[in-house]
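Structure at a glance
Below are the chains, spelled out letter by letter.
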Amino acid sequence: MKASNQGKPSIVFAHGLWADGSCFSKLIPALQSEGHEVMASQHGLDSLAGDVAAVKACLARVSSPAILVGHSYGGTLITAAGTDPRVVGLVYISAIAPDANETSQSHQEQFPRTDVFQHIDVKDGRVWLKEEGIECFCGDLPKKEQQLVYATQGVPVADLFNQKVEGTAWKTKPSWFIVAKNDRTVQPELQRFAAKRMKATVVEVASSHVPMLSHPDVVLDVIRKAASAVLKSMAA
């Protein structure tokens, strides 16, 4: 592997639904200033295969080794894309992480439905988040930040969570998991189940679904610790 900038692993972010790469805006400058190459994959949310390919395309733009960081549905993406040999670690943020025999949908259906699904609008084959649903998504942000998240939402095709691709990276790659204890979009119990199943290093935070925006210092600390751990492992 080619050494990354200043000998530090690169960081590739993968956003989820009703978000775009700007949801990592409170993390990227700090990581760049510390010497990491950073990219945030932008997903069309048209197909799971296409979104996984977008993550892998970003991997090709940064130096190896790399850590993938996935939020929400982005957890499904890094689970598949993370089997790439350039990837040395995975960080999940209030994410879903299906096993080989699961889809994003079947993974979620093992737990009670969250509040956010009472505030969606399926129109023209896309699943839109209604404005009143933003409270379930990022209710611990200031109102102006909530409005920005709503205005920049990424809107998935209706069957996206039922699609499937090969690859279960958390079975072979070291993983870290940030559980959002006050999440009303992805069940906290699902997050704990996924983290335990993958034997992840777990950090819990009293956050809505978007700890990278409401508690960026917590998320940065986990990413830094993941980067340090994978470098030590590679040097051993």
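Quantities reported herein were computed from a predicted structural model and do not represent experimental measurements.

On to the pairing of strand 6 (residues 126-129), then. Of the two faces of strand 6, only the one carrying Val 127 and Leu 129 is buried; Arg 126 and Trp 128 on the other face are not. Here strand 5 (residues 120-123) pairs with strand 6 via four bridges, running antiparallel. The residue bridging Ile 120 from the neighbouring strand is Leu 129, located in strand 6. The hairpin formed by strand 5 and strand 6 contains two residues between the paired strands, and Asp 124 there has a positive phi angle of roughly 55 degrees.

Before going further, it helps to spend a moment on the state of the cysteines. Every disulfide links exactly two cysteines, by a covalent bond between their sulfur atoms. Per the counting criterion, the structure on display carries zero disulfides. Just so you know, Cys 23 is unpaired, no disulfide at all, and the nearest cysteine sulfur is the one on Cys 138, 11 Å from it. For the unlinked cysteine Cys 136, the closest cysteine sulfur is that of Cys 138, found at 9.8 Å. Here Cys 136 falls in the buried class, since its relative accessible area comes to 3%.

A few words now on the sheet that holds strand 8 (residues 201-205). Reading across the sheet, the six strands line up as 2-1-3-4-7-8 and stay open at both edges, with parallel pairing between neighbours. Each edge of the open sheet carries a strand with a single partner, namely strand 2 (38-41) and strand 8. Sheet twist, expressed as the average angle between the axes of neighbouring strands with direction ignored, equals 15 degrees. Bridge count for strand 4 (residues 87-93) against strand 7 (residues 175-180) is four bridges, and the pairing is parallel. Each residue of the ladder has a partner; that of Leu 90, found in strand 7, is Ser 175. Along the sheet, helix 2 (residues 48-59) makes contact with strand 1 (10-14), strand 2, strand 3 (66-71) and strand 4, crossing strand 2 at roughly 165 degrees.

Calculation rules
Position numbers for residues start from 1 in each chain and track the written sequence from start to end. In keeping with the predicted nature of the model, local features appear solely for residues at pLDDT of at least 70, side-chain atom pairs appear and are counted solely at 80 or more, and the whole-chain, interface and lining totals rest on all residues. Values shown for side chains rest on all heavy atoms present in the structure; no hydrogens or waters enter the calculation. A simple rule labels every residue: compare its accessible area, found with a 1.4 Å probe on the protein chains alone, to the largest value its type can have, and call it buried under 20%, exposed over 50%, or partly exposed in between. Only runs of H or I of at least four residues qualify as helices and only runs of E of at least two qualify as strands under DSSP, and these elements are numbered from the N terminus. Each pair of strands is called paired provided DSSP finds at least two bridges between the two strands. The disulfide criterion used throughout: a pair of cysteine sulfur atoms within 2.5 Å. Axes here mean lines fitted to C-alpha atoms, for a helix over just the part in contact, with angles spanning 0 to 180 degrees between N-to-C directions. Two residues qualify as a contact provided that any one of their heavy atoms is within 4.5 Å of a heavy atom in the partner residue.

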